[in-house]
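Remarks on the overall topology
Below are the chains, spelled out letter by letter.
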Amino acid sequence: MTVATSLIPGLDEIVRNGDPKRRAEAARRIAELYFGGAANFRPDHVELFDGVLTDLVPHAEPAARAALAQRLSLLTNAPRRLVGQLAREDEILIAGPLLRRSPVIDEAALIEIARLRGQSHLLAMSERPSLTPGVTDVIVRRGDREGGQARRRQCGG
């Protein structure tokens, strides 16, 4: 039993055996608690939320995960494992906001995602405020030149 499950009665049961709707509701409530206090949390607090949310969030609906990713993408102290989990999702509406701007995704994770995911993930990463040479190399190597040229023509570029 983790510290979180000992602090929140019934959480361990929800994580292990709860139906998806119950897990998703627990994830929503715990995420709201996180956002309510994120500005004041110490690293150990963030790690506590990270452990709980990493188990619960995958059971939430895609729209809820996308909204969560949007909010997390703006935080400098977002839970790292949760952000990594969401940034690796196939659905770009979920992964995109984090790939575009989350400051907690490190270079190794970005390179891994750039190597494994599709063009929409690469495009989202290319919109980050800054990129390391390692990430840039993967984006350039895997980037869809024809699709990019077609998109530029459609946009008048």
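Here the structure is a predicted model, which means the values were calculated and not measured.

**A closer look at the environment of Ile92**
Mapped onto the fold, Ile92 is located in helix H7 (residues 92-101). A residue is classified by how much of its surface remains accessible, and Ile92, at 22% relative accessible area, is partly exposed. Expressed as a C-alpha distance, the spacing of Ile92 and His121, which sit 29 residues apart in the sequence, is 6.5 Å. Those residues in contact with Ile92, other than ones at most four positions away along the chain, are Pro97, Ser120, His121 and Ala124.

**Comments concerning the side chain of Arg128**
Relative to the helices and strands, Arg128 is located in the loop between helix H9 (119-126) and helix H10 (133-142). Despite its burial, Arg128 remains without a salt bridge, the nearest opposite charge being carried by Asp106 at 9.1 Å. A distance of 3.0 Å separates the side chain of Arg128 from the backbone oxygen of Leu99, its partner in a polar contact. Not counting residues up to four positions away in its chain, the partners in contact with Arg128 are Leu98, Leu99, Arg100, Arg101, Ser102, Pro103, Ile105 and Leu110.

**Side note on the confidence of the model for the chain**
When pLDDT drops low, the exact placement of atoms in the prediction is not to be read closely. Mean pLDDT over the chain stands at 85; residues scoring 70 or higher make up 80%. Within the chain, H7 carries the highest mean pLDDT (98), whereas helix H1 (residues 3-7) carries the lowest (47). Taken as a whole, residues 1-7 scores under 50 in pLDDT and shows nine contacts with residues more than four places along the chain or in a different chain. In this model residues 148-157 is a low-confidence stretch, pLDDT under 50, and it forms three contacts with partners more than four residues away in sequence or in other chains.

**Description of the packing of H7 against H9**
H9 packs onto H7 with a crossing angle of 25 degrees between their chain directions and a minimal axis gap of 7 Å. As judged from the angle between their axes, H7 and H9 are roughly parallel. Considering the relative orientation of H7 and H9, their crossing is right-handed. Taking contact as the criterion, the partners of Ile92, Ala95, Gly96, Leu99 and Arg100 in H7 are, on H9, Ser120, His121, Ala124 and Met125. For the contact of H7 with H9, the per-class residue count stands at five nonpolar, three polar and one charged.

**So, the packing of aromatic side chains**
Tallied over the full model, the rule gives four aromatic pairs. Relative to Phe35, the ring of Tyr34 has its centre 5.9 Å away and its plane inclined at 75 degrees; by these criteria the two rings are edge-to-face. In this structure Phe35 comes out as buried when scored by relative accessible area, which is 17%. Site record: aromatic cluster; members linked through ring pairs are Tyr34, Phe35, Phe41 and Phe49. Over the aromatic face of Phe35 sits the side chain of Arg71, whose NZ or CZ is 4.0 Å from the ring centroid.

**Some details on the pattern of salt bridges**
On inspection of all chains with the given rule, the structure shows nine salt bridges. For Arg29, the salt bridge goes to Glu25, with nearest N and O atoms at 2.8 Å. Within this pair, Arg29 and its partner Glu25 are both found in helix H3 (residues 20-37), separated by four residues, close to a single helical turn. On the accessibility criterion, Arg29 (55% relative accessible area) is exposed. In this structure, Glu127 and Arg100 form a salt bridge, with 2.8 Å as the shortest nitrogen-oxygen distance. Highlighted residues: Glu127 in the loop between H9 and H10 and Arg100 in helix H7, separated in sequence by 27 residues. Its relative accessible area of 43% is what places Glu127 among the partly exposed residues. Residue classification places Arg100 among the partly exposed positions, given a relative accessible area of 29%. Because the salt bridges share partners, they merge into one network encompassing Glu25, Arg28 and Arg29.

The rules behind these values
Residues numbered from 1 in each chain as written. Predicted model: local features only at pLDDT ≥ 70, side-chain atom pairs only at ≥ 80, totals over all residues. Heavy atoms only, no water. Helix = DSSP H or I, 4+ residues; strand = E, 2+ residues; numbered from the N terminus. Buried < 20%, exposed > 50% of the residue type's maximum accessible area, 1.4 Å probe, protein only. Contact = heavy atoms within 4.5 Å. Lys, Arg positive; Asp, Glu negative; His and termini not counted. Salt bridge = Lys/Arg side-chain N within 4 Å of Asp/Glu carboxyl O. Polar contact = N/O pair within 3.5 Å; in protein donor to acceptor, adjacent residues only side chain to side chain. pLDDT = per-residue confidence, 0-100. Axes fitted to C-alpha atoms, helices over the stretch in contact; angles between N-to-C directions. Parallel < 35°, antiparallel > 145°, perpendicular 65-115°, else oblique. Left-handed = near helix turned anticlockwise from the far one by under 90°. Nonpolar A, V, L, I, M, F, W, Y, C, P; charged D, E, K, R; others polar. Phe/Tyr/Trp six-rings, centres within 6.5 Å; stacked < 30°, edge-to-face > 60°. Lys NZ or Arg CZ within 6 Å of the ring centre and 35° of its normal.

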